Amino acid sequence: MATSQEILEALADYQVQCNENKRLRKMQRDWSKLLHFTADDTKDEFTMDVVKGEIVSFRAGAEGAPDIIVSAKSEDLCDMFWGDLNPSQKYLQGEIRVKASQEDVVRLDAITMIIWPDA
Amino acid sequence: MGELKKVLKLRTIISTSAGMAIATSCYLAGIQVATILVGELAWISILLAGFLCLLSSMCFSELTSLYPTAAGIKLYIQHAFNERTSIIIGMFYVVLGIAMVGAESYLLASVLSGTFVLFDPFYDKLFWMLAFILLVVFINLRGVYITGVMQDILTYVMVGFMIAVSVYTFATHEVNLAVAVQNTKFTLSSVIQAAGVGVFLYVGYEWVAPLAEETTDYRLIGKGMMWAIGLLSVTYALFITAMYTGLTREQLAGGTPIPHIVFGGNLFGTAGTVTFIGMSILASVTSFNSGLLNTSRFSYAMGRDNVLPRIFSRLHPKYATPWVAILFLGALAIAISLATLLTGKYLFLILMAAALECFIYVVAALCVIRLRRKNPDTVRAFKIPLGYTVPVFVIIVFTGLMIGIFADVSRDYAGNEIFRNYWVAVIMGAFMILTALYAIVVVPFLKKKAEERSRARVKRRPGRADA
């Protein structure tokens, strides 16, 4: 199980990777969403604020009404943020669950695909 | 866990489900139902097909409540059987589903070429077919989504229009049911046979399942599907019977591919023709657009899962849409449409789509049974009552309907043979073998390559570099 601190560290790296990727920023330039991530096993929750493709903040806890809710095991969340896991594969196995519109599901997956295409 | 800011309402789930089923080809399929049976009694087979689809929707409801995800179809086949089976059936279902566009684009092109003459009938049809497919491909590439409100307006306007026209027709034309029931064609066998083709009228209602991720209560998807089938049953039963009544014997015998346009002209003259053309365009664009949206997302996911070549997971740099998948499916739709234009066998595709739906309903029912046995204790937001009765009934009935479609001979209104339907089974069987070969030979190769790439990649998570 990944601790809340480990996931926050992974999120910090994820934020840097996303915000520094010009291709991703261009693709997501109109994408402003509030995301909630929930670790099923530890019940930890996290909030991420994306404004025009830029991750402006993230924090522990679920705040505000989200546009997207992602639920998975804490280890999978941590691996996903570090880019060590292909979220699509886990999604197709039913191990990562997303509540969002189909467009947002693709856009969320696009982040990993563009930053870490070989994940 | 918080609740989503925007969630879909039952109203939109119904309109999406029904909207996917309403297409230009449905009018022709309806006339085919009327031809097999007795026109004035077509509603019996349409309602029967609707009832059977309602039972199949219960299977999809239970499965969606177990796997409320856009990847549902792959997921529940995989959990019920295995990954290879899910790949074979998933690809078979998705790619063959696109084949329906061949019939849809041909019929829409027939509608438009009959009204707007540009060159000659052949090239006009070719022009409109390409224009229709390219328009929808462009909409998908740009990532233009039909909002829930827009879908509500489109579907409910179309349904309201069809019902209003039907009521008007019954008020102005005589429908002699007493004579119709005396017709020798009115037998139990022809009622069931026509219901098999009637299944086509509901094709695509289950594609609303991916919207489960946008709802608060997964049971809404099941409810929405059932309401949509109910709405479609009533609408089609009224409209197809009215359309048959509103066409002359000569028009029916002429075998027109656009009976609804001719019917509109008979009722209201030019205004009727124009209005029905407008409805046709709306129905075709919305149903193909939803179809391409779903199938391209499915292909994208397959590319990301290394089931299809990785090129399928390419996203448009500006619109974040899976452009390779969209273009591939668009090209496939054009190829099938051209084949339809050259052969004129649009009815072949309609029957193939009906048989494909019967097949997928059987698969869904089998999945319900297998998953209940494998995971009896898993909580289901919706569970079909009466134990295995409904799934077993669905398996028996839809297998029977599918065999009935294959065993039949397609005829025009005058009774002349068009083709023997076992060719539909031959084509479907050949495609199934191709997808099976792909899953057995190509997919392991793609997976192995992906595994090698993944292994060569250094893990980034601290402490996992050597993992």
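Please read these numbers as outputs of a predicted model, since none were measured by experiment.

**Things to note about the overall build of chain A**
Counting secondary structure elements, chain A contains five helices and five strands. Overall, chain A shows an N-to-C arrangement of helices and strands of α-α-β-β-β-β-α-α-β-α. Radius of gyration (C-alpha) of chain A: 13 Å, near the 14 Å computed for a compact globule of 119 residues. C-alpha atoms of chain A, sized along the principal axes, occupy 35 × 30 × 25 Å. For chain A, the proportion of its 119 residues judged to be buried stands at 50%. Sequence-distant contacts in chain A: of pairs separated by 6 or more residues, those separated by 24 or more amount to 66%.

**Thoughts on the overall build of chain B**
Helix and strand counts for chain B come out as 16 helices and two strands. The principal-axis extent of the C-alpha atoms belonging to chain B is close to 80 × 55 × 45 Å. Evaluated residue by residue, chain B yields a buried proportion of 55% over its 467 residues. Considering only contacts within chain B whose residues lie at least 6 apart along the sequence, 79% involve residues at least 24 apart.

**Section: the interface of chain B and chain A**
Each partner contributes to the interface: chain B provides 33 residues, whereas chain A provides 37 residues. Within the residue set of the side of chain B that touches chain A, elements represented by two or more residues are α4 (72-80), α12 (259-304) and α16 (422-456) of chain B. Looking at which element gives the most residues to the side of chain B that touches chain A, the answer is α12 of chain B, with four residues. Looking at side-chain class alone, the side of chain B that touches chain A contains 13 nonpolar, five polar and 15 charged residues.

**Side note on the confidence of the model for chain B**
Across chain B, the average pLDDT comes to 88, with 99% of residues at or above 70. Interface confidence for the predicted complex, given as ipTM, is 0.87, next to a pTM of 0.87.

**Points about the packing of helix α3 (residues 42-66) of chain B against helix α10 (residues 219-246) of chain B**
Residues and elements named next belong to chain B. Viewed as axis vectors pointing N to C, α3 and α10 meet at an angle of 165°, and their least axial separation amounts to 9 Å. Relative to α10, the element α3 is oriented roughly antiparallel. Here the hand of the crossing between α3 and α10 comes out right-handed. When the residues that make up the contact of α3 with α10 are grouped by side-chain class, the tally is 16 nonpolar, eight polar and one charged.

**Some thoughts on the environment of V234 of chain B**
Within the secondary structure, V234 of chain B sits in helix α10. On a C-alpha basis, the gap between V234 of chain B and V159 of chain B in space is 9.7 Å, while along the polypeptide they are 75 residues apart.

**Describing the environment of V157 of chain B**
Structurally, V157 of chain B can be placed in helix α7 (residues 148-172). Take V157 of chain B: there are 12 C-beta atoms within 10 Å of it, and that puts it in the exposed class.

**Describing the pairing of strand β3 (residues 54-60) of chain A**
Residues and elements named next belong to chain A. Where strand β2 (residues 45-51) and β3 come together, six bridges link them in antiparallel fashion. If you follow M48 over to β3, its bridge partner there is F58. Hairpin remark: β2 followed by β3, antiparallel, with two residues in the connecting loop; positive phi at K52, about 50°.

**Some points on helix α13 (residues 323-343) of chain B**
Residues and elements named next belong to chain B. Between its terminal C-alpha atoms α13 stretches 30 Å, which fits the 30 Å expected from 21 residues at 1.5 Å a residue. Buried-residue contacts for α13 involve α5 (83-113), α6 (121-141), α12 and α14 (346-374). Backbone geometry just downstream of α13 places G344 in the positive-phi region, at approximately 70°.

**Comments concerning the sheet that holds strand β5 (residues 97-99) of chain A**
Residues and elements named next belong to chain A. Ordered in space as β3-β2-β1-β4-β5, the five strands form an open sheet in which the pairing is mixed. Two strands in the sheet have a free side with no partner beyond their single neighbour: β3 and β5. Mean inter-strand twist for the sheet, computed between neighbouring axes without regard to direction, equals 20°. Judged from the five bridges that link them, strand β1 (residues 33-39) and strand β4 (residues 68-72) form a sheet pairing that is parallel. Pairing of L35 across the sheet is with I68, part of β4. On the sheet, helix α1 (residues 4-20) packs against β1, β2 and β3 and is oriented at approximately 175° with respect to β3.

**Focus: the environment of N86 of chain A**
Within the secondary structure layout, N86 of chain A lies in the loop between α3 (74-82) and α4 (87-93). Along the sequence, N86 of chain A and M113 of chain A sit 27 residues apart, while their C-alpha atoms lie 8.0 Å from each other.

**Side note on the nonpolar core**
Residue and element names in this part refer to chain B. Formed by 206 residues in total, the largest nonpolar core has its most connected members in I240, I350, M352 and A355. With 21 residues, α14 is the largest single contributor of residues to this core. Beyond its immediate sequence surroundings of up to four residues, A355 is in contact with M402, I405, F406, V424 and M428.

**Observations concerning α7 of chain B**
Residues and elements named next belong to chain B. The end-to-end C-alpha distance of α7, which contains 25 residues, comes to 36 Å, matching closely the 36 Å that a straight helix rising 1.5 Å per residue would cover. The complete set of buried residues in α7 reads G148, Q151, L154, T155, M158, V159, M162, V165, S166 and T169. Lining the buried residues of α7 we find α1 (10-21), α10 and α12.

**Notes on unusual backbone geometry**
Even without being glycine, K52 of chain A reaches a positive phi, approximately 50°. Tracing the chain through its elements places K52 of chain A in the loop between β2 and β3. You will see that L386 of chain B, though not glycine, has its phi angle at about 65°, which is positive. Along the chain, L386 of chain B turns up in the loop between α14 and α15 (389-407).

Reading the values: rules and limits
- Residues numbered from 1 in each chain as written.
- Chains lettered and ligands numbered in written order.
- Predicted model: local features only at pLDDT ≥ 70, side-chain atom pairs only at ≥ 80, totals over all residues.
- Helix = DSSP H or I, 4+ residues; strand = E, 2+ residues; numbered from the N terminus.
- Rg over C-alpha atoms; globule rule 2.2 N^0.38 Å.
- Buried ≥ 20, exposed ≤ 12 C-beta atoms within 10 Å, placed from the backbone.
- Contact = placed C-beta atoms within 7 Å.
- Nonpolar A, V, L, I, M, F, W, Y, C, P; charged D, E, K, R; others polar.
- pLDDT = per-residue confidence, 0-100.
- Axes fitted to C-alpha atoms, helices over the stretch in contact; angles between N-to-C directions.
- Parallel < 35°, antiparallel > 145°, perpendicular 65-115°, else oblique.
- Left-handed = near helix turned anticlockwise from the far one by under 90°.
- Pairing = 2+ DSSP bridges.
- Expected span 1.5 Å × (residues − 1).
- Core = buried A, V, L, I, M, F, W, Y, C linked by C-beta atoms within 7 Å.

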